[in-house]
Amino acid sequence: MRVLLKATLDTEKGNEAIRSGKLPELMKETLDQLKPEAAYFGTLGGKRTALLVLDMQDSSQLPPIGEPFLMQLNAEVEVCPIMNREDLETGLSQLR
């Protein structure tokens, strides 16, 4: 199932990771591990935010998906199912 992970980084932890030079390393390790279909980074609500589109095969993948952000960056993590255009068309066709 395709999911969207939104990780909102704690400002102080993010600042520490940038000052120490660890943020690029942490993000690379996490992205290498998760292998997202897409990854976007920006500021939402005034906080550093990562948006990752992932293919999650089983709910048991939730801990390894979210924990790097929670443990290393004290981030708020949200995961929700999402669809691409084809998924939406397939789902809507089942409503007939």
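All figures in this text were calculated on a predicted structure; none of them were measured in a lab.

Peer 1: Tell me about the pattern of salt bridges, and name the residues and values.
Peer 2: Side chains that differ in charge, positive against negative, can pair when their charged atoms come close. Counted according to the given criterion, the structure contains five salt bridges. With a closest N to O distance of 2.6 Å, Arg2 and Asp87 form a salt bridge. Here Arg2, found in strand E1 (residues 2–8), pairs with Asp87, found in helix H4 (residues 85–93); they are 85 residues apart in sequence, far enough to count as distant. Judged by its relative accessible area of 32%, Asp87 is partly exposed. The residue Arg85 makes a salt bridge to Glu89 at a minimum N-O spacing of 3.1 Å.

Peer 1: Any details on unusual backbone geometry? Residues and values, ideally.
Peer 2: One non-glycine residue, Lys35, adopts positive backbone phi at about 50°. Locating Lys35 in the fold gives a position in the loop between helix H2 (23–34) and strand E2 (38–44). Even without glycine at this site, Asn74 takes up a positive phi of about 50°. Considering the arrangement of structural elements, one finds Asn74 in the loop between helix H3 (62–73) and strand E4 (76–81).

Peer 1: How would you explain a nonpolar patch on the surface if you had to name every residue and give the values?
Peer 2: Nonpolar side chains collect at one region of the surface, where Met83, Leu88, Leu92 and Leu95 lie side by side and expose about 430 Å² of accessible area between them. Inspection of the secondary structure puts Leu95 in the segment after H4.

Rules used throughout
As a convention, each chain's residues are numbered from 1 in the sequence order in which they are written. The predicted nature of this model means local features are confined to residues of pLDDT at least 70 and side-chain atom pairs, given and counted, to a pLDDT of 80 or more, with totals for whole chains, interfaces and linings taken over all residues. The side-chain figures draw on all heavy atoms in the structure; neither hydrogens nor water molecules are used. For salt bridges, the criterion is a side-chain nitrogen of Lys or Arg within 4 Å of an Asp or Glu carboxyl oxygen. Numbering of helices and strands runs from the N terminus; a helix is a DSSP stretch of H or I covering at least four residues, while a strand is a stretch of E covering at least two. Under the scheme applied here, a residue whose accessible area is under 20% of the maximum for its type counts as buried, over 50% as exposed, and between as partly exposed, the area being computed with a 1.4 Å probe on protein chains only. Patch membership is restricted to residues that have no salt bridge and whose relative accessible area is over 30%. Joining uses 9 Å for like charges and 5 Å for the nonpolar side chains Val, Leu, Ile, Met, Phe, Trp and Tyr. Note on areas: Shrake-Rupley with a 1.4 Å probe; residue coverage comes only from the protein chains shown.

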